[in-house]
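Observations on the model geometry
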Amino acid sequence: VFFGDSITDFWQLDRFFPARGYINRGISGQTTAQMVARFREDVLSLSPQVVVILAGTNDIAGNTGPMTPQQTQANYAAMGNLAKEQGVQVVFSSVMPVHAYTSSAFGMLHSRPPEKILELNAWLKEYCEQNGLIYLDYYAAMVDKRGFLRRELAEDGLHPNAAGYQVMTSLAQAALEQALMRPASV
């Protein structure tokens, strides 16, 4: 199960992962708090082997009001713990960089400051290392030398285009294969 916000929601899994049967449970605009509330129904009820969680950008942007880093971290931990309790392998994806290279990307850097993205990604990586989870680093593959999302990977500065999803696909498939080689955690 791919679980997340609009970046997941817009990802045409059947197109990018043909004949894999992956399930998309992305909902546009959601924060980690909203995702925790639907985790049992949208993920655990499906009994997946692996959940790939991509979230956090809307927490940083304050889509449902201001959120502290600690609140976001607690929500990630809650999802990870729920999954592990059910024997579901967890892949936490990094928050992707954003850009303001186009007129349609106006405001992305203001609402999602690069330093906040880096801070959350550093915590996610460390959390995964400490808890035996897989950290899927989209950020490193998609960032340019200025610290922004590479222009050719998104028109609006946030949501990947086909080229962006292609980069993500190869990374996600490698993380899924890694997760499937691990024994169940129950």
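Refer to the preceding data block for the structure.
My aim in this report is to walk through the structure given alongside it, one point at a time. All figures in this text were calculated on a predicted structure; none of them were measured in a lab.

Across the interface, helix α3 (residues 32-42) lies against helix α5 (residues 69-85) with an axial gap of 9 Å and an inter-helix angle of 15°. In terms of axis orientation, α3 runs roughly parallel to α5. The two elements α3 and α5 meet at a crossing, and its hand is left-handed. Here T32, A33, M35, V36, F39 and R40 of α3 lie close against α5, whose contacting residues are T72, N75, Y76, A78, M79, L82 and A83. Residues of the contact of α3 with α5, tallied by class, amount to nine nonpolar, three polar and one charged.

Take helix α7 (residues 114-131) next. When the terminal C-alpha atoms of α7 are compared, their 26 Å separation across 18 residues agrees well with the 26 Å that a helix rising 1.5 Å per residue should span. All of the buried residues along α7 are I117, L120, N121, W123, L124, Y127 and C128. Burial along α7 is one-sided: seen end-on, the buried residues are contained in an arc of 165°. α7 presents E115, E129 and Q130 as exposed residues on the side facing more than 90 degrees away from its buried surface. The elements touched by buried residues of α7 are α4 (57-61), α5, β4 (89-93), β5 (134-136) and α8 (138-142).

Right, let's talk about the layout of surface pockets for a bit. There is about 200 Å³ of room inside the largest pocket. As for the largest pocket, its lining consists of 13 residues, of which I60, M67, T68, P69 and K116 are closest to the centre. Elements with a contribution of two residues or more to the lining of the largest pocket: α4, α5 and α7. By residue class, the composition of the lining of the largest pocket is six nonpolar, four polar and three charged. As a volume, the second largest pocket reaches approximately 160 Å³.

Under the counting rule described, the total for this entry stands at three salt bridges. With a closest N to O distance of 2.8 Å, R150 and E152 form a salt bridge. A relative accessible area of 25% means that R150 is categorised as partly exposed. By relative accessible area, E152 is classed as partly exposed at 46%.

Turning next to the sheet that holds β4. With parallel pairing, the five strands of this open sheet are ordered in space as β2-β1-β3-β4-β5. Since the sheet does not close on itself, it has two edges, and those belong to β2 (24-26) and β5, each with one partner. The mean inter-strand angle of the sheet, taken between neighbouring strand axes irrespective of direction, is 20°. The pairing of strand β1 (residues 2-4) with β2 spans three bridges and is parallel. In the strand pairing of β2, F2 is matched with N24. Against the sheet, α5 touches β1, β3 (50-54) and β4, its axis set at about 155° to β4.

Here we come to α3. Regarding α3, the residues found buried are T32, M35, R38, F39 and D42. Each buried residue of α3 lies within a common arc of 150° when the element is viewed along its axis, so the set occupies one face. Of the exposed residues in α3, the ones pointing more than 90 degrees away from its buried face are A37, R40 and E41. Looking at the buried side of α3, the elements it contacts are β1, β2, β3, α4 and α5.

Our next topic: the environment of G26. Looking at where G26 falls in the secondary structure, it is placed in strand β2. In the structure, G26 is positioned 110 residues away from L136 in sequence and 17 Å away in space, judged by C-alpha atoms.

This next bit is on unusual backbone geometry. The phi angle of most residues is negative, glycine excepted, and most peptide bonds adopt the trans form. Positive phi, normally seen in glycine, also occurs at A19, with a value near 60°. Note on placement: A19 falls in the loop between α2 (13-16) and β2. For A19, a relative accessible area of 88% gives the class exposed. Even without glycine at this site, S47 takes up a positive phi of about 50°. Relative to the helices and strands, S47 is located in the loop between α3 and β3.

Calculation criteria
Throughout this description, residue numbers start from 1 for each chain and increase along the sequence as written. Reporting in this predicted model follows two pLDDT cut-offs: at least 70 for local features of residues, and 80 or more for side-chain atom pairs to be given and counted; totals over whole chains, interfaces and linings ignore these cut-offs and use all residues. Side-chain figures throughout are based on the complete set of non-hydrogen atoms in the structure, without hydrogens or water. Axis lines are fitted through C-alpha atoms, for helices just across the contact stretch, and the angle between N-to-C directions can take any value from 0 to 180 degrees. The way it works is that DSSP assigns letters per residue, a run of H or I at least four long becomes a helix, a run of E at least two long becomes a strand, and they are numbered from the N terminus. When describing relative orientation, an angle under 35 degrees is termed roughly parallel and one over 145 degrees roughly antiparallel, while 65 to 115 degrees is termed roughly perpendicular and anything else oblique. Take the far helix as the reference: if the near one is turned anticlockwise from it by less than a right angle, the crossing is left-handed, and if turned clockwise, right-handed. When checking whether two residues touch, look at their non-hydrogen atoms; a contact exists if any pair is within 4.5 Å. Lys, Arg, Asp and Glu make up the charged group, whereas Ala, Val, Leu, Ile, Met, Phe, Trp, Tyr, Cys and Pro make up the nonpolar group; the residues left over, Gly among them, are polar. Residue count minus one, scaled by 1.5 Å, sets the expected span of a helix. Only protein chains enter the area calculation, which uses a 1.4 Å probe; residues under 20% of their type maximum are buried, those over 50% are exposed, and those in between are partly exposed. For this quantity, the arc is that covered by the directions from the helix axis to the C-beta atoms. Each cavity reported here is a set of points on a 1 Å grid over the protein atoms alone in which a 1.4 Å probe fits but cannot get out, each pocket an open set with protein on both sides within 12 Å along at least five of seven lines, and each lining residue one with an atom within 4 Å of a point. Grid points are joined across faces, edges and corners, and a volume is the space filled by probe spheres set on the points. Every case where a carboxyl oxygen of Asp or Glu lies within 4 Å of a side-chain nitrogen of Lys or Arg is listed as a salt bridge. Each pair of strands is called paired provided DSSP finds at least two bridges between the two strands.

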